Structures are given as structure tokens and as C-alpha cells.
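The residues making up each chain are set out below.
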Amino acid sequence: MARLHGPLGWALLLAAGLLFPLLARNDYHLTVMSTAYIFALATLGLNLIVGYTGQFNLAHAGFMAIGAYTLGILTVDHQVPFWWAFLAAGAVTALVGWPLGWISLRLKGHYFSIFTMCVGYIIFLVIEKWESLTHGTVGVIGIPAPSGIAGVVSFDTPLSLYYLVFFFLVVGVWAMRRIANSLLGRTFVAIRNGDELAEALGINLMRNKLTAFLISVVYAGWAGALYAGFVRFLGPDLAAVHHTFDMTMYMLVGGLGTLIGPLLGAISVPWITQYLQFLQEYRFIIFGPLLILLVIYMPHGIVGSWLAWRARQASLAAPHNQEQPRA
Amino acid sequence: MDIFLQQVLNGLTLGGIYSLVALGLTLVYGILHVPNFAHGAFYMVGAFASFLLMDKLGLNYWLAMLGSAVAVAALAAVAERLVFHPLRHASGLHPMIAAIGLLLFLEAGAQALWGADFQRMSTPYTGIIEMGGVTAPVQRLLIIGAAFTLMLMLHLFLTRTVMGSTIIAMAQNREGASLVGIDANRVAMLTFAVSGVLAAVAATLYAPINLVYPAMGHLVITKAFVIIILGGMGSVPGAIVGGLIIGFAESFGAFYISTDYKDIIAFMALVVILSFRPQGIFKQGAH
């Protein structure tokens, strides 16, 4: 089991992702999985600011919507080519995130969460009311599918879209792994574990928190842009706080502050929901209490609990082994 | 001038409702240091309880309000016991997520039981009073009167009764309160129950000039959070003053700026104020 950590485990996951279309019996399954990947990408970003840095940002879905709307508005109203609009989506999300992050990160703990919840609401209301820009409640209709690259590949079938989304998820996970294992990632964890101690160690709190915030919202922005190109229709509802709550649940089920946890959560929970189809509308009658039970009895999620169990086993087996397990 | 007075009246109505909701939130925060995201769901359940008591059992308005207050108080106390009590030693993040779980559960439950449709609550007070050129619907005057009466009663309860004083004592110093023999568990449940009563009454007062539906709590609770941040989390006078500020800002903003953007005004006010004073208006020093 121990070998599943590190490169081998990731290679297995990669293979599973590549081979999934062979298992999927129809396009519907591919669509479900692709949507799950898109939200997994956004959840990875959310996990960076919540799980690693310890700042519970409730405006995450709002930033996802900003990325999605940037792409939608640019391609539909201004006929910008898809991939240029895609780049712009990340840039706009970062540009909006910068001042918002700077203001909101001056607040700590609960204040930060409540403030970002309000920021999310502002984003939602602006999208809904600014009809000349965002088409208001009607939404952005007829977003083009991602354009093919140099005539070699085109993205007009569910299968090619699946691989496109999968590609971005792999890149996202790879980049996040690099960040999490770097000095920067450790700096974020230090801030989460105690910001006063981190500051005493010479860590510039504001600069690092803002960095985490910006990386996190760019993940959201690009996930939103992919969502726009995939679903090809956008409504203000994407910015609603309940999408942030969904992503929080994915993160928590898998394990906060681990790399693999949010990924597993974001992919498995939508499938469970698929099988509880009759519950679609009312899924939170089950997931609400589940969330509470998880927080009370399993606060580190599935992956976190497994890691803790493994660490305990390791320390029992070899009392002198001080090595820390990593996800 | 008449139009100005009309806006004052609207501001007082909104402010009264917002203050009641924010008071419940701030009391709970003072005791448990949990931002109770589920408070908006208590508000929604309160509106539905009154609506059903009037619609199905034919109770009159005031009895329905009383019934709903009791029901939501019980719900809030049970929620404290089952959800927040086990998490009292957990880090800041987890109780927040648990509150979100409770919120999602209550909303989905309301939708499953009573449907997602908009319901209109009837009120016996449909008349309109003319005073010096200002037209005042009776329900609005009723809201103002009832809201401020309830605030006065809450003030008396907190300062003049032993039970109320235990809440204040717990909010001031948890260990100190335990040392003089105050049962922390009982106070926590009591505080949740009081917050439930405030939410239910606010919802029942406001529902007749608004609508009843499962998502009705969202905007109100978000504004209540704005209010308690402005007023200082845990501060009772802060919640009342903050509620009035937001109520007035909204009614005047809707009239003089734009009806479309009136809901944004409260949030913009928060963003602007916190940019200059990250600790809120009324709070001294940093938090």
C-alpha cells in the first residue's frame, strides 16, 4: 500500500483517467465525468486557500463565474477566438481577485469568511443586474465549443472534450503538487497553522496570503472558462454561494489540505449523486447531515484519516522513524 | 418632504427586521464564536411555520407567530445540542462548515416538504393610514412597533433577569461564568433558542409584505452578517444600530440611486467601510 504514495499512485490515477472512456458506456457518463473534472479543478484551487492556507473563502464560485462570463462574453459578443478568451478569463479573474483579495485578506478568521460571502453575493448580483454586459437572468447563450488546435485536433465530440478537460485537470494537479511541495506551499501551511508564529519566522503574511488567494482564484477562473466552453450556456446561478458549498463538501469528504483528497471528493460525490438521481433536488437532505457528521467524527476527511492511521501504524512499527507522510 | 418621510418609514421597517435577525446572530456569536450560517434557515422555517399554522390550522396571526417562535426555538436548541455542542472545541473552520451543512439540510427539507413555490402570507392588517401626507400600510407600522418592542424586551431580559444575565456573563468570560456556577450547556441552548425566537418573529412580521419560499433567508442572513460585522460581532447595541444603518441605506439608496441595485448597497457599504476600518465601525482596536 505504501507504494501507492508518490509517482506510482499518480501514474495509476493518470492511467485510470485515460482509460475511463473505454469503461464509460455512453456519452452521458463522459459528460458527468467531465463536469466532475471541471469542478475538481476549481476545488483544487479552493483547497489551496482553505486547506493549505486556512482562509475560508466563500466567494470561490463567484470567481469561477467571473472566468466563465469573461469567456462567454468575449466569444459571443466580441467574437474573440476561444483560446484567447480562455487566456483572458484567467487574467480577468486575477485582476478582479487582486483588489478583492487585498481588501478581504486584511480580515481574519470568521470576518474573512463572512466578508467573502458578501463579495460572492455582490458578484452574483452584479452578474444578474448588469444586463447590458452579462445578459442578466437570460444568461449567455451559444458559447462556441473550444476551437481545435491547428487542424490536428478538434473538440466537437464528448470524447475529445473529455480528454481536453482531463488534460487541464492533469496540468492543474501537477502544478498544485509542485506548489504544495515547494517552499511556497510550506509557507502557506505555516500561515494556516499559526499566523503569528509564521510572522515571527519572517513570513510576510499579506504577500503570501494574497499569492495563495490569486493562484486559487485563477484556478477557479480557468475552471469557469472550461465550464463555459463545455456547457455552452451561462446563467448568474453559477456564482451562487451554494456552488462554493458544494466544493467545500468535496474538499471535506476527501480531506482538507491534502492534494488527493479534494480530487477524490470532487470526482466521487457527483457520481454518488448520479446514483441518487431521484434525490437530485433534495440531495442535501442526505448530504447536509453527512457534512455535519464528517466534521464531527472525521474532520480530516477520508484521505486525512487514512494518512493519520498510516502515520500511527508507522510510528508503532518503527518508533525512531520520524519521517512525515505526504499526500 | 413627504417622500423623504416615506423613505424614513421604509428604512425603519427594514431596519427593524434586519436588527432582529442580526441580534440573534450576534448573541450566538457572542457565546459560541460561531458564525451561524444556518440562522437564515431558522428565519425561513419561522416564516413557513407561521404560514402553515395560519393556512392549515386557521390560527390567527399572533397565535401563529407565537407557535412559530416556540417551534423555531426548539429547532435551534436541538441544533445546538446535536451540531454545535460536539464541535465546541474544534478549530474555526469546522463549526462554520457544520453550520453550512445544517443550512443546506433545512433548505432542502423545506423544499421537499413544502415545495419551492412562492407563497403569500395573509395578514389581518391590510389597512393604510394617512398621516400628514405620508401613507403608511398598517403592516409596516406593526413591524416597526413590534420589532422595537421585542428589542426592548430582549434588553430587559438580558439585563434584568438572572437567565438573561447568564448569557451576558458567558459572552464576557466563559471560564469566569463557569466558575460562578453557570451551566455553559444550558446557556448555549438558551441563547440558540432566543435567537430562534427572534428569527421566527422577524420572519412572521416581514413575510406578509414579502413572500415565503425556501430560499427566502439568503439575502436577509447575508445582510445580517454585514450588520454584525459593522456593529462588531457579539455586540447587542451594534446589531441594532447596524440594522438601522443598513435599513436606511437601502431605503434611501433604492429611491435616490437605483431599485435594481438596492441589494448591493449594503454590501458595498461593508466593502467601503472595511477597507478603511478592518475592525468594524464600533469596535475598538484590532480583533
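Residues numbered from 1 in each chain as written. Chains lettered and ligands numbered in written order. Predicted model: local features only at pLDDT ≥ 70, side-chain atom pairs only at ≥ 80, totals over all residues.

What follows deals with the overall build of chain A. Within chain A, the regular secondary structure consists of 14 helices and two strands. In terms of overall size, chain A behaves like a compact globule, its C-alpha atoms giving a radius of gyration of 20 Å where 327 residues would be expected to give roughly 20 Å. By its C-alpha atoms, chain A is 65 × 50 × 45 Å across when sized along the principal axes. Across the 327 residues that make up chain A, the buried fraction comes to 47%. For chain A, restricting intrachain contacts to residue pairs at least 6 apart in sequence, the fraction spanning at least 24 positions comes to 76%. (Helix = DSSP H or I, 4+ residues; strand = E, 2+ residues; numbered from the N terminus. Rg over C-alpha atoms; globule rule 2.2 N^0.38 Å. Buried ≥ 20, exposed ≤ 12 C-beta atoms within 10 Å, placed from the backbone. Contact = placed C-beta atoms within 7 Å.)

Turning our attention to the overall build of chain B. Helix and strand counts for chain B come out as 11 helices and two strands. Ordered by position from the N terminus, the helices and strands of chain B form the series α-α-α-α-β-β-α-α-α-α-α-α-α. The C-alpha radius of gyration computed for chain B amounts to 19 Å, which stays within 12% of the reference 19 Å derived for 287 residues, consistent with globular compactness. By the burial criterion, 51% of the 287 residues in chain B qualify as buried. Within chain B, residue pairs in contact and separated by at least 24 positions form 74% of the contacts whose partners lie at least 6 positions apart.

Next up on the list: the environment of Lys129(A). Of note, Lys129(A) is situated in helix H5 (residues 109–129). What Lys129(A) contacts, discounting residues up to four positions off in sequence, is Gly136(A), Asp260(B) and Tyr261(B).

The next subject is the confidence of the model for chain B. Here chain B shows a mean pLDDT of 85. Residues at 70 or above account for 95%. The complex prediction reports pTM at 0.85, with the ipTM value standing at 0.82. (pLDDT = per-residue confidence, 0-100.)

Let us now look at the nonpolar core. Counting residues in hydrophobic clusters, the biggest one holds 206 residues, and the most contacted among them are Cys118(A), Val21(B), Val72(B), Leu102(B) and Ala202(B). The element contributing the most residues to this core is helix H8 (residues 184–206) of chain B, with 16 residues. Discounting chain neighbours no more than four positions away, the residues touching Leu102(B) are Gly288(A), Ile292(A), Ala38(B), Ala41(B), Ala79(B) and Val83(B). (Core = buried A, V, L, I, M, F, W, Y, C linked by C-beta atoms within 7 Å.)

A word on helix H4 (residues 93–114) of chain B. Residues spaced three or four apart along an α-helix face the same direction, because each turn holds 3.6 residues. Residue and element names in this part refer to chain B. Compared with the 32 Å implied by 1.5 Å per residue over 22 residues, the 32 Å span of H4 between its first and last C-alpha is a close match. Within H4, 16 of the 22 residues are buried, leaving the element largely enclosed by the surrounding structure. Just downstream of H4 lies Gly115, where phi reads positive at about 80 degrees. (Expected span 1.5 Å × (residues − 1).)

Before going further, it helps to examine unusual backbone geometry. In the Ramachandran plot, Gln79(A) falls in the positive-phi region, its phi being about 50 degrees despite a non-glycine side chain. When the 9 C-beta atoms within 10 Å are taken as the criterion, Gln79(A) is described as exposed. Its identity as a non-glycine residue notwithstanding, His33(B) has a phi of 55 degrees, on the positive side. Within the secondary structure layout, His33(B) lies in the loop between helix H1 (2–32) and helix H2 (39–56). Classification of His33(B) as partly exposed rests on a count of 16 C-beta atoms within 10 Å.

The partner chain B presents 35 residues to the 31 residues of chain A that form the contact. Of all the secondary-structure elements, those providing two or more residues to the side of chain A that touches chain B are H5, helix H11 (241–254) and helix H13 (284–297) of chain A. Broken down by element, the residue count for the side of chain A that touches chain B peaks at 12 residues, all from H5(A). For the side of chain A that touches chain B, a count of residues per class yields 23 nonpolar, five polar and three charged. (Nonpolar A, V, L, I, M, F, W, Y, C, P; charged D, E, K, R; others polar.)

This paragraph deals with the packing of H2(B) against helix H3 (residues 61–84) of chain B. Residue and element names in this part refer to chain B. Where H2 meets H3, the axes come as close as 8 Å, and the angle between the chain directions of the two elements is 140 degrees. Viewed along their axes, H2 and H3 adopt a mutual orientation that is oblique. For the pair H2 and H3, the crossing hand works out as right-handed. Here H2 contributes Phe42, Val45, Gly46, Ala49, Ser50, Leu53 and Met54 to the contact with H3, which in turn contributes Tyr61, Ala64, Met65, Gly67, Ser68, Ala71, Val72, Leu75 and Ala76. In the contact of H2 with H3, the residues fall into 12 nonpolar, four polar and no charged. (Axes fitted to C-alpha atoms, helices over the stretch in contact; angles between N-to-C directions. Parallel < 35°, antiparallel > 145°, perpendicular 65-115°, else oblique. Left-handed = near helix turned anticlockwise from the far one by under 90°.)

Residues and elements named next belong to chain A. Axis separation between helix H2 (residues 27–52) and H11 bottoms out at 9 Å; the angle between their running directions is 75 degrees. When the axis of H2 is compared with that of H11, the two are roughly perpendicular. Counting all contacts with H2, which are made through Phe39, Ala42, Thr43, Leu46, Asn47, Val50 and Gly51, the residues of H11 involved are Met247, Tyr250 and Met251. Of the residues contributing to the contact of H2 with H11, the split by class is seven nonpolar, three polar and no charged.

This part is about the environment of Glu80(B). All names here are of chain B. With respect to the secondary-structure elements, Glu80 resides in helix H3. Residue classification places Glu80 among the buried positions, given that 25 C-beta atoms sit within 10 Å. In this structure, the C-alpha to C-alpha distance between Glu80 and Trp114, residues 34 residues apart in sequence, is 24 Å. Apart from the residues lying within four places of it in its own chain, the contact partners of Glu80 are His85, Ala188, Met189 and Phe192.

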